[in-house]
Amino acid sequence: MKTTILTAIAFSAINIMLAQTPEERGLQIAKAAEEADLGFGSSTVELKMTLKNKNGQTSERFLETRTLELTEDGDKSLIVFNSPKDVKGTATLTFTHKTTADDQWLFLPSIKRVKRISSNNKSGPFVGSEFAYEDLSSQEVEKYSYTFLKEEGSNLIVEQDPVDPKSGYTRRIVTYNKDKGYRIEKIEFYDRKNALLKTLTYSDYKIYKNKFWRANTFNMINHQSNKETLLEFSDYNFDASLSEDDFSQVALQRAGK
C-alpha cells in the first residue's frame, strides 16, 4: 500500500508540473528562491573588487556592504569604499522596491554631497565596474516576468524580463540550483538590442546558519567591452543587528567620512 501511495504522489507531482505553463513554472522557481533566503535579517560583508581592463591590466578596491532585509518591500543596502584613496569614502545607498522604481543615492567625499541617481542613469556603470547601479538591487520577484526554459540536472534555467521600462536589460537568463536552496549559479544579461552584454558567475559558495547560501566570488564579464570585475567576499556577519536608522542619507554621509 505504501508503494502505491508514494507512486500516486509522485505521479500527482509530475502532473502538476506538466500542467504548468512555462510562465507559471518560472514564477514558481523565482518564488522558491526568494522563500529559501527569507529570514536573514541583516548582514555585513567585506569585499575586494578587482577591475580588469580589455588589456588585462588590473586595479583593486576594498569595500564593505551592509544589507537590511525587509519583507513588506525590497531590501536596503549600503556600500562603502575603504580604499584606495581616489575612491575612499564613496558610498552608495539603495532602497529596492518591489513594484516601483528603486531609490538610490551616491555620496561623493570630494564634494561632500549626496547625489540622487536618476532612473535614467541606473544602467550606468557602478564606480567604474562592470556592475550597473541596477545590479545592486535585491532580487525581488515582482521586478520581472518569468519564463521557464529548461532543466539541466539540478539546474533550472529561467528567463526574466524586467518590468521597469528604464532597465538597461531586455532580459536576464538565470540559472538556479534546485538542490542547493535554489541559489543562483549564473546570470546572463542582454542589452536593449537583445545582444548578450554580460555574464555573472557565482562560485565558492558557503552556507550560513544552515540556510543562507552566499557565494564568496562573483565574476562579471562584459562580452562587448572585454572588461571584467571580480568580487571576493569575506567575513560575512549575520549578527550585525542593523536597523533602518543605519540606512538613511545621514548614515550614508557618515559612512563616507
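These lines cover the structure that appears in this document, whether it is placed above or below.

Rules of the game
Residues numbered from 1 in each chain as written. Predicted model: local features only at pLDDT ≥ 70, side-chain atom pairs only at ≥ 80, totals over all residues. Heavy atoms only, no water. Helix = DSSP H or I, 4+ residues; strand = E, 2+ residues; numbered from the N terminus. Rg over C-alpha atoms; globule rule 2.2 N^0.38 Å. Buried < 20%, exposed > 50% of the residue type's maximum accessible area, 1.4 Å probe, protein only. Areas by Shrake-Rupley, 256 points an atom, 1.4 Å probe, with all protein chains shown as cover. Lys, Arg positive; Asp, Glu negative; His and termini not counted. Charge placed at Lys NZ, Arg CZ, Asp CG, Glu CD. Core = buried A, V, L, I, M, F, W, Y, C linked by side-chain atoms within 4.5 Å. Contact = heavy atoms within 4.5 Å. Salt bridge = Lys/Arg side-chain N within 4 Å of Asp/Glu carboxyl O. Phe/Tyr/Trp six-rings, centres within 6.5 Å; stacked < 30°, edge-to-face > 60°. Lys NZ or Arg CZ within 6 Å of the ring centre and 35° of its normal. Pairing = 2+ DSSP bridges.

## Side note on the overall build of the protein chain
- Across its full length, the protein chain holds three helices and 13 strands.
- Computed over its C-alpha atoms, the radius of gyration of the protein chain comes to 20 Å, within 12% of the 18 Å expected for a compact globule of 257 residues.
- Principal-axis analysis of the C-alpha atoms places the extent of the protein chain at approximately 75 × 40 × 35 Å.
- With 257 residues in all, the protein chain has 46% of them scored as buried.
- For the protein chain, the exposed area adds up to about 13,600 Å²; of that, 50% sits on carbon and sulfur atoms.
- On the protein chain, the mean spot of the 36 positive side-chain charges and the mean spot of the 37 negative ones are 5 Å from each other.

## What about the nonpolar core?
- One finds Phe81, Phe126, Tyr176, Tyr202 and Phe218 to be the most contacted residues of the largest nonpolar core, which totals 45 residues.
- In terms of residue count, the dominant contributor to this core is strand E11 (residues 196–208) (five residues).
- Beyond its immediate chain neighbours, meaning those up to four positions away, Tyr176 contacts Ile29, Ala30, Ala33, Ser154, Asn155, Leu156, Val158, Gln160, Tyr182, Arg183 and Ile184.
- By size, the runner-up hydrophobic cluster in this structure holds 13 residues, among which are Leu70, Val80, Ala91 and Leu93.

## A closer look at the pattern of salt bridges
- In the structure shown here, the tally under the stated rule is 13 salt bridges.
- One network of salt bridges, in which partners are shared, links Arg25, Glu151 and Lys178.

## With respect to the packing of aromatic side chains
- Using the criterion set out here, one finds 15 aromatic pairs in the structure.
- Between Phe40 and Phe212 the ring centres are 6.3 Å apart and the planes differ by 80 degrees, which places this aromatic pair in the edge-to-face class. Taken together, the positions of Phe40 in the loop between helix H2 (22–36) and strand E1 (42–52) and Phe212 in strand E12 (residues 212–222) put the pair 172 residues apart, joining distant regions of the chain.
- The interplanar angle of 65 degrees and the centroid separation of 6.4 Å between the aromatic rings of Tyr144 and Tyr146 together place this pair among those described as edge-to-face. The same class applies to Tyr144 and to Tyr146, which are both buried.
- Taken together through their ring pairs, the aromatic side chains of Phe40, Tyr202, Tyr208, Phe212, Phe218, Phe233, Tyr236 and Phe238 make up a single cluster.
- The ring of Trp213 carries Arg183 above its face, with NZ or CZ at 4.6 Å from the centroid.
- Sitting over the face of the ring of Phe189, Lys198 holds its NZ or CZ atom 5.1 Å from the ring centroid.

## So, the pairing of strand E2 (residues 58–68)
- Across eleven bridges, E1 lies against E2 in antiparallel orientation. If you follow Val45 over to E2, its bridge partner there is Thr65.
- Where E1 folds back onto E2 in an antiparallel hairpin, the turn is made up of five residues, including Gly56, whose phi is positive at roughly 90 degrees.
- Sheet topology note: the E2/strand E3 (residues 76–83) ladder contains seven bridges and is antiparallel. For Thr67, the partnering residue across the bridge sits in E3 and is Ser77.

## Examining the environment of Gly74
- Note on placement: Gly74 falls in the loop between E2 and E3.
- C-alpha of Gly74 to C-alpha of Arg25: the two residues are 49 residues apart in sequence and 23 Å apart in space.
- In contact with Gly74, other than residues within four places in its own chain, are Thr96, His97, Lys98, Ser138 and Glu140.

## Thoughts on the environment of Ile221
- Within the secondary structure, Ile221 sits in strand E12.
- By relative accessible area, Ile221 is classed as partly exposed at 31%.
- The spatial distance from the C-alpha of Ile221 to the C-alpha of Glu130 is 7.2 Å, given a sequence separation of 91 residues.
- Sequence-distant contacts of Ile221, defined by excluding residues within four places in its chain, comprise Leu197, Lys198, Thr199, Lys227 and Glu228.

## Let's talk about the pairing of strand E7 (residues 144–152)
- Relative to strand E8 (residues 155–162), E7 runs antiparallel, the two being bridged by eight bridges. If you follow Thr147 over to E8, its bridge partner there is Glu159.
- Connecting E7 to the next strand, E8, in antiparallel fashion are two residues, including Gly153 with a positive phi near 65 degrees.

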